[in-house]
Amino acid sequence: MASLAVVLLLCVLASPVWGEAACDCGTFLSTDQWVQQVVILRSTLVDNCHAFITCRRACIEQFLEVTGGGNLSHQLDDGETVGQLFCRALNERGDPHLPAHLVHLYMSLCEGPWEYAEVSTREPLCCLDGQHSSCQAFPQGKMSTMPVLQHARVVVQAVYHTSNI
């Protein structure tokens, strides 16, 4: 009986709820009808599966660093802009054309559902033939500001401007 208690205790202690847990960060386009993954950012470890605020902060810091504060024109180390990185990723998935859409940051804690992290790019992303381009090329395009999740939990339905962080 004592050995069963020890085994149960070890299982509980080994569980991600009590040990280090994966915090995944990613960028997505979304409207009220669909969600499209753009780029998954680097995963980080947090204390446990209840560390929502820590995970959110880590994702926001990473997003702001990678995008230069949510700027699609920010140049990456390889010389490519953030906007071009996003358009290239969409093009590789078979979506070469994109009228104006904000790119939203989402987070997933312990392989749970993706949740909007209340941060988006400062300007909408537009792609033409897989190239980051001016959104004026798409006058009929509408900018999406309402993130929606496939595994919907209620999320804030507004763009959180990076200047408010």
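About the cut-offs
Just so you know, the residues in each chain are numbered from 1, in the order the chain's sequence is written. The predicted origin of the model limits local features to residues at a pLDDT of at least 70 and limits the giving and counting of side-chain atom pairs to 80 or more, whereas totals for whole chains, interfaces and linings rest on all residues. Hydrogens are left out, water is left out, and the side-chain values use all remaining heavy atoms of the structure. Burial classes follow relative accessibility: with a 1.4 Å probe on protein chains only, a residue under 20% of its type's maximum area counts as buried, one over 50% as exposed, and anything between as partly exposed. To qualify as a helix, a DSSP run of H or I must reach at least 4 residues; to qualify as a strand, a run of E must reach at least 2; elements of each kind are numbered from the N terminus. Note on aromatic contacts: the rings of Phe and Tyr and the six-membered ring of Trp form a pair at centre separations within 6.5 Å, being stacked when their planes are under 30 degrees apart, edge-to-face when over 60 apart, and tilted otherwise. Disulfides are defined as cysteine sulfur pairs within 2.5 Å. A pair of strands counts as paired when DSSP detects no fewer than two bridges linking them. When a carboxyl oxygen of Asp or Glu is within 4 Å of a side-chain nitrogen of Lys or Arg, the pair counts as a salt bridge.

### Some points on helix 3 (residues 82–92)
Counting buried residues along helix 3, 8 of its 11 residues qualify, which places the element largely inside the surrounding structure. Buried residues of helix 3: Val82, Gly83, Gln84, Leu85, Phe86, Cys87, Ala89 and Leu90, and no others. In the stretch just after helix 3, glycine 94 is the one whose phi turns positive, near 95 degrees.

### A look at the packing of aromatic side chains
One pass over the structure, following the stated rule, counts 3 aromatic pairs. Consider the rings of phenylalanine 28 and tyrosine 106, whose centres lie 5.1 Å apart with planes at 70 degrees: the pair is edge-to-face. Placement of the pair is phenylalanine 28 in strand 1 (residues 21–30) and tyrosine 106 in strand 5 (residues 104–109), with a sequence separation of 78 residues. The same class applies to phenylalanine 28 as to tyrosine 106, namely buried. Relative to tyrosine 116, the ring of tyrosine 106 lies with its centre 5.7 Å away and its plane at 55 degrees, an arrangement referred to as tilted. Linking tyrosine 106 in strand 5 with tyrosine 116 in strand 6 (residues 115–120), this pair joins segments that are 10 residues apart in sequence. Cluster of aromatic residues (ring-pair linked, three or more members): Phe28, Tyr106, Trp114 and Tyr116.

### Observations regarding the state of the cysteines
Cysteine pairs can be covalently joined through their sulfur atoms, and such a bond is termed a disulfide. With the rule as written, the count across this model stands at 5 disulfides. Shown here is the disulfide that connects cysteine 126 with cysteine 135, its sulfur atoms set 1.9 Å apart. Looking along the S-S bond of the cysteine 126-cysteine 135 disulfide, the torsion reads about 110 degrees, which is the right-handed sense. By relative accessible area, cysteine 126 is classed as buried at 0%. Since its relative accessible area comes to 22%, cysteine 135 is described here as partly exposed. For the chain, the disulfide bridges join cysteines in the arrangement 1-4, 2-5, 3-7, 6-9, 8-10, where the cysteines are counted in sequence order.

### With respect to the pairing of strand 2 (residues 35–40)
Bridge count between strand 1 and strand 2: 5 bridges; the pairing is antiparallel. Looking across to strand 2, one finds that glycine 26 is bridged to isoleucine 40. Following strand 1, the chain reverses through 4 residues before pairing antiparallel with strand 2.

### Structural notes on the pattern of salt bridges
In total, this model carries 3 salt bridges according to the counting rule given. Here arginine 56 ties to glutamate 118 by a salt bridge, and the two come within 4.0 Å at their closest N and O atoms. Here arginine 56 is found in helix 2 (residues 52–67), whereas its partner glutamate 118 is found in strand 6, with 62 residues between them in sequence. Using a relative accessible area of 23% as the deciding quantity, one classes glutamate 118 as partly exposed. A salt bridge links glutamate 80 to arginine 88; the nearest nitrogen and oxygen atoms lie 2.9 Å apart. Through salt bridges that share partners, Glu80, Arg88 and Glu92 make up one connected network.

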